[in-house]
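# Descriptive analysis of the structure
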Amino acid sequence: MVEHRKGLNRTLFWLYAGNGTWPYAFRWTMLVFDLATIGLFMVHPLLTWRDGGAALGVWLYVDIFVAAVITRDCLARLYIERHKVRFFLNVMTLVDMLVV
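Criteria and cut-off values
Residue numbers here run from 1 along each chain, matching the order of that chain's written sequence. Local features are withheld for residues below a pLDDT of 70 in this predicted model, meaning they are given only at 70 or higher, and side-chain atom pairs are given and counted only at 80 or more; totals for whole chains, interfaces and linings count all residues. Working from all heavy atoms in the structure, the side-chain values ignore hydrogens and water. For this analysis, a salt bridge means a side-chain nitrogen from Lys or Arg found within 4 Å of a carboxyl oxygen belonging to Asp or Glu. The numbering of helices and of strands both runs from the N terminus, where a helix is a DSSP run of H or I of at least 4 residues and a strand a run of E of at least 2. Type-normalised accessible area, obtained with a 1.4 Å probe on protein chains alone, sets the label of each residue: buried when under 20%, exposed when over 50%, and partly exposed for intermediate values. Here a patch means residues that are over 30% exposed by relative accessible area and free of salt bridges, tied together within 9 Å if like-charged and within 5 Å if nonpolar (Val, Leu, Ile, Met, Phe, Trp, Tyr). Here the accessible surface of atoms and residues is derived via Shrake-Rupley with a 1.4 Å probe, and residues count as covered only by protein chains that are part of the display. By definition, the arc is the one covered by directions from the helix axis to the C-beta atoms. The definition of a nonpolar core used throughout is a set of buried Ala, Val, Leu, Ile, Met, Phe, Trp, Tyr and Cys residues joined through side-chain atoms within 4.5 Å. Here, residues are in contact when the closest pair of their heavy atoms is within 4.5 Å. Here is the rule: rings of Phe, Tyr and Trp (six-membered ring for Trp) pair when centre to centre is within 6.5 Å. Planes less than 30 degrees apart are stacked, more than 60 are edge-to-face, and the remainder are tilted.

With that settled, the discussion passes to the pattern of salt bridges. Per the stated rule, a full pass over the model turns up two salt bridges. Between Asp73 and Arg77 there is a salt bridge whose closest N-O contact spans 3.3 Å. Taken together, the residues span about one helical turn, with Asp73 and Arg77 both in helix 3 (residues 56–80) at a distance of four residues. Of the residues examined, Asp73 reaches a relative accessible area of 14% and is grouped as buried. Ionic pairing is found between Asp96 and Arg77, a salt bridge with its closest N-O pair at 2.4 Å.

What follows is the structure in structure tokens.
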């Protein structure tokens, strides 16, 4: 099947599914971000409980940043997906929406 993607759709598809240095670096960066987010979700309650919630303002900004990155990632994957219904039936998409 010949791909007829143009502009932003083509670039995003290349980053998410293409071969080469930049797509691999992008996907590795997203993997590291996901692992750091999991670590953050595990450490965040312990640190907040320990200091009595004094640093809650900083954690709010960190949470907003994580939510913004995951939301943009979901929107980019939705944008490049040809079958939108299949996208919403994907388990990982549902997990991302739950995290956000």
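Taken together, the side chains of Tyr24, Trp28, Leu31, Leu35, Ile38, Met42, Val43 and Leu47 make up a nonpolar region of the molecular surface, amounting to roughly 820 Å² of accessible area. Mapping Met42 onto the fold places it in helix 2 (residues 21–50).

Among the residues making up helix 1 (residues 7–17), those that are buried are Asn9, Leu12, Leu15 and Tyr16. Each buried residue of helix 1 sits inside an arc of 130 degrees when the element is viewed along its axis, so together they form one side.

This paragraph deals with the nonpolar core. Inside soluble globular proteins, nonpolar side chains tend to come together where they are buried. Grouped together as the largest cluster of nonpolar side chains are five residues: Phe33, Leu40, Trp59, Val66 and Ile70. Where this core is concerned, the elements lending two or more residues are helix 2 and helix 3. Of all the elements, helix 3 adds the most residues to this core, at three residues. Apart from residues lying up to four places away in sequence, Ile70 is in contact with Phe33, Thr37, Asp96, Val99 and Val100.

Moving on: the environment of Leu12. Within the secondary structure, Leu12 is located in helix 1. Sequence-wise, Leu12 and Tyr79 are 67 residues apart; in three dimensions their C-alpha atoms are separated by 8.5 Å.

All right, on to the packing of aromatic side chains then. Taken as a whole, this structure holds three aromatic pairs when the rule is applied. Look at Phe33 and Phe65: their rings are 6.3 Å apart centre to centre, the planes differ by 80 degrees, and that puts the pair in the edge-to-face class. Taken together, the residues span a long stretch of sequence, with Phe33 in helix 2 and Phe65 in helix 3 at a distance of 32 residues. According to the relative accessible area criterion, Phe33 is buried, its value standing at 17%. In this structure Phe65 comes out as exposed when scored by relative accessible area, which is 53%. For the ring pair Phe87 and Phe88, a centre distance of 5.3 Å and an interplane angle of 80 degrees mean the geometry is edge-to-face. A relative accessible area of 6% places Phe87 in the buried class. Owing to a relative accessible area of 39%, Phe88 belongs among the partly exposed residues under this scheme.

Interpretation note: all reported values are geometric properties and have no functional meaning in isolation.
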